[in-house]
Amino acid sequence: MEIKTLSFTVNTKGNNDIIDITGEVNDKLIETGFKEGNVLVFAPGSTAGITTIEFEPGLLKDYPEFFEKIAPSGKRYHHDETWHDANGYAHVRASLQGSSITVPFTNSKLLLGTWQQIVLIDFDNRPRRRNIITQFMGQ
């Protein structure tokens, strides 16, 4: 078993921007030359998350609406009192979402479902340049 760590960057709009990064992760898999193993996809930082969804217009609306219900952007957060950056909700959302996922692969192909894509969600209140880490364990 060998480990290879590769990264790529994604420019976001912030404000619950959801970006399909499946293609970039797949490109990194091809770059490793691995046939079988797992990839960890990780978003450093405390206001972004990684998950899988069906990347379609309805869910691109449903997902941010869900987070607005459980961690509303218009609410007062203690974090905002500390840093005065008005993004306390983004930190809460990102911690609930999680910053990484692991996806298996075989025959140099990610084992995702037919309607399943890997996505980055930027919960912050401003555009960001996100560095995405992919760590492949395989052979």
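You'll find the structure just up there.
Residues numbered from 1 in each chain as written. Predicted model: local features only at pLDDT ≥ 70, side-chain atom pairs only at ≥ 80, totals over all residues. Heavy atoms only, no water.

(A) Geometry of unusual backbone geometry. Positive phi outside glycine occurs at His84, with the angle close to 55 degrees. Counting through the fold element by element, His84 comes out in the loop between helix H3 (78-83) and helix H4 (88-97). A positive phi angle, near 55 degrees, is found at Ala86, a position not held by glycine. For Ala86, a relative accessible area of 47% translates into the label partly exposed. (Helix = DSSP H or I, 4+ residues; strand = E, 2+ residues; numbered from the N terminus. Buried < 20%, exposed > 50% of the residue type's maximum accessible area, 1.4 Å probe, protein only.)

(B) Looking closely at the packing of helix H2 (residues 57-70) against H4. It is the contact of H2 with H4, at a shortest axis distance of 10 Å, that shows an interaxial angle of 115 degrees. In terms of orientation, H2 and H4 fall into the roughly perpendicular class. Seen along the crossing, H2 lies across H4 with a hand that is right-handed. Where H2 approaches H4, its residues Tyr63, Phe67, Glu68 and Ile70 are matched on the opposing element by Arg93, Leu96 and Gln97. (Axes fitted to C-alpha atoms, helices over the stretch in contact; angles between N-to-C directions. Parallel < 35°, antiparallel > 145°, perpendicular 65-115°, else oblique. Left-handed = near helix turned anticlockwise from the far one by under 90°. Contact = heavy atoms within 4.5 Å.)

(C) Representation of the nonpolar core in the model. Ranked by internal contacts, the top residues of the largest apolar core, which has 21 residues, are Ile21, Val41, Ile50, Ile118 and Ile132. Counting residues per element, the ones that place at least two in this core are strand S1 (2-12), helix H1 (22-32), strand S3 (37-42), strand S4 (48-53), strand S5 (100-106), strand S7 (117-122) and strand S8 (128-138). Residues Ile18, Ile53, Tyr63 and Val119 belong to the second largest nonpolar core, which totals twelve residues. (Core = buried A, V, L, I, M, F, W, Y, C linked by side-chain atoms within 4.5 Å.)

(D) Summary view of a nonpolar patch on the surface. Side chains of Phe66, Ile70, Val92 and Leu96 sit close together on the surface and give an oily, nonpolar patch of about 350 Å² of accessible area. Elements represented by at least two residues in the nonpolar patch include exactly H2 and H4. When you line up the elements, Leu96 lands in helix H4. A relative accessible area of 53% places Leu96 in the exposed class. (Patch = residues over 30% accessible without salt bridge, like charges linked within 9 Å, V, L, I, M, F, W, Y side chains within 5 Å. Areas by Shrake-Rupley, 256 points an atom, 1.4 Å probe, with all protein chains shown as cover. Salt bridge = Lys/Arg side-chain N within 4 Å of Asp/Glu carboxyl O.)

(E) A look at the pairing of S7. Taken across its six residues, S7 has six buried, putting it largely inside the fold. Here S7 shows two buried faces, one formed by Gln117, Val119 and Ile121 and the other by Ile118, Leu120 and Asp122. Inspection of the sheet shows strand S2 (residues 17-20) paired to S7 by four bridges, in the antiparallel sense. By the bridge assignment, Asp17 is partnered in S7 with Asp122. (Pairing = 2+ DSSP bridges.)

(F) Main features of the sheet that holds S4. Reading across the sheet, the three strands line up as S2-S7-S4 and stay open at both edges, with antiparallel pairing between neighbours. Every other strand in the sheet has two partners, leaving S2 and S4 as the edge strands with one partner each. The sheet shows a mean angle of 30 degrees between the axes of neighbouring strands, direction not considered. Relative to S7, S4 runs antiparallel, the two being bridged by six bridges. Bridge pairing links Ile53 to Gln117 in S7.

The values reported here are purely geometric and, on their own, carry no functional implication.
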